[in-house]
Amino acid sequence: MTDSTVPPLDELLKDSPTNWGKWGPDDEVGGLNYLGPEQVVAAAGLISSGKVFTLQRLIGDPKGDPVWPGRTPAERTQILDESNWDGDDGPAFPGGLHYADDKINAFLQGSTQYDALGHVWYGGQLWNGYDARTTIGGLDKASIQPIAERGVVGRAVLLDMARFRGKQTLAAAETYTHEDLLACAEAQGVELRKRDILVIRTNYLQLFFELGEKFYEGFCEPGLVYSPELVQWFADMEIPNLVTDTIANEVTFDPNNGVALVLHNALMRNLGVTLTEIADLEGLAADCAEDGRYEFFYAAAPLKVAQGSGAPVNPIAIK
Ligand code: UVW
């Protein structure tokens with residue numbers, strides 16, 4: 001889709017800050033470098049009640065998977081079950097062993113997922129300046145593998161934008177800025193600190209389960225909206241990871257210029273902020289609203305997929 005009235009990303013973001021080279025010419029994990037042993041130990045100190053929340057949506061939910069347009073929901077296929085031994089096509093092992101086997105055919109970014117830093121680009125270059133041609137046939141640079149090898153652990157803060165705005169869910173194309181995040185944090189009584197993992201709840205995907213296919217009509221999710229000030233704030237705050245319960249973290253089409261996924265580029269490609277999408281934040285958010293504690297220990301390890309542009313994940317929050 002090209003529209004000549006829409007500015008190209010390299011023009012829109014020509015003065016946008018980058019962290020290219022900050023962690024050396026071979027870096028593939030970007031802002032996750034901000035999460036070192038000091039941050040892990042400090043985050044562990046937040047655990048007090050021992051309550052554990054898993055943040056992955058169910059893969060193969062009978063109600064469907066809320067996927068980015070053009071992706072398809074995961075399909076799980078049963079390969080072996082007891083019916084295989086009704087005839088004699090079940091494998092014969094000594095002692096009469098029977099077992100179940102299955103497989104999934106799924107987009108790596110078709111459910112709760114981490115994006116690799118090389119997942120999006122413009123102007124022929126990826127994160128850290130890698131040549132976009134290194135994506136051909138699989139990511140040779142900035143794939144999900146180095147992120148998965150490293151893991152993500154730190155202090156996270158939930159910013160419940162839906163509750164803050166007094167809504168069940170944010171509306172399609174509804175935007176919020178870093179100033180709204182700060183106001184939300186203040187209303188929740190939680191301090192945002194440098195190197196925090198930001199976890200933002202919109203509850204927007206509730207509509208996917210209510211509307212079915214109609215959800216995609218005029219598709220434009222709510223989310224953060226680009227401004228130079230917002231990008232500078234992310235850079236100054238050294239945010240390593242942005243987690244949301246929407247398909248793409250940000251408003252799909254920027255209302256100010258019509259460009260798709262500006263922040264994927266300004267934050268991920270340029271600053272090295274790792275993006276996490278389609279998280280299930282409902283149980284965690286209900287608990288935060290109940291006990292008034294919006295900070296917690298967060299840990300996530302996406303699957304190690306060689307050359308992957310992203311990978312499924314089941315992040316864990318512990319309070
Ligand atoms: C795209 O950027 C196209 O997808 P996602 O929202 O999964 O990052």
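Residues numbered from 1 in each chain as written. Predicted model: local features only at pLDDT ≥ 70, side-chain atom pairs only at ≥ 80, totals over all residues. Heavy atoms only, no water.

1. What to know about the pairing of strand 11 (residues 295-300)
- Extensive coverage of strand 11 is indicated by the burial of five of its six residues.
- Strand direction decides the pairing type here: strand 5 (residues 152-160) and strand 11, joined by six bridges, are antiparallel. Bridge pairing in strand 11 places Val153 opposite Ala299.
- Judged from the three bridges that link them, strand 11 and strand 13 (residues 316-318) form a sheet pairing that is antiparallel. By the bridge assignment for strand 13, Phe297 is matched with Ile318. (Buried < 20%, exposed > 50% of the residue type's maximum accessible area, 1.4 Å probe, protein only. Helix = DSSP H or I, 4+ residues; strand = E, 2+ residues; numbered from the N terminus. Pairing = 2+ DSSP bridges.)

2. Quick word on the domain arrangement of the protein chain
- Partitioning the protein chain into domains gives domain 1 (11-66 + 108-318) and domain 2 (75-104).
- Using C-alpha coordinates to define each centre, domain 1 is positioned 39 Å away from domain 2. (Domains from an automatic or database assignment.)

3. A closer look at the site of the ligand
- The local shell around the ligand consists of Trp68, Arg71, Gln113, Asp115, His119, Val120, Ile247, Ala248, Leu261, His264 and Glu277.
- Within the side chain of Arg71, an N or O atom sits 2.8 Å from an oxygen atom of the ligand.
- Separating an oxygen atom of the ligand from a backbone N or O atom of Ile247 is a distance of 2.9 Å.
- Across the complex, the protein chains shield 91% of the 260 Å² of accessible surface that the ligand would expose by itself.
- Residues of the shell around the ligand, tallied by class, amount to five nonpolar, three polar and three charged. (Near = heavy atom within 4 Å. Polar contact = N/O pair within 3.5 Å; in protein donor to acceptor, adjacent residues only side chain to side chain. Areas by Shrake-Rupley, 256 points an atom, 1.4 Å probe, with all protein chains shown as cover. Nonpolar A, V, L, I, M, F, W, Y, C, P; charged D, E, K, R; others polar.)

4. Side note on the state of the cysteines
- On inspection of all chains with the given rule, the structure shows zero disulfides.
- Of all cysteine sulfurs in the structure, the one in Cys288 sits closest to Cys184, which takes part in no disulfide; the separation is 11 Å. (Disulfide = S-S within 2.5 Å.)

5. Some points on the packing of helix 7 (residues 228-237) against helix 8 (residues 262-271)
- The geometry of helix 7 relative to helix 8 is characterised by a closest axis approach of 11 Å and an angle of 30 degrees between their N-to-C directions. Of the possible angle classes, the one that applies to helix 7 and helix 8 is roughly parallel. Here helix 7 and helix 8 pass one another in a crossing that is right-handed. Side by side, helix 7 and helix 8 meet where Leu230, Val231, Phe234 and Ala235 of the first sit next to Leu263, Ala266, Leu267 and Leu271 of the second. (Axes fitted to C-alpha atoms, helices over the stretch in contact; angles between N-to-C directions. Parallel < 35°, antiparallel > 145°, perpendicular 65-115°, else oblique. Left-handed = near helix turned anticlockwise from the far one by under 90°. Contact = heavy atoms within 4.5 Å.)

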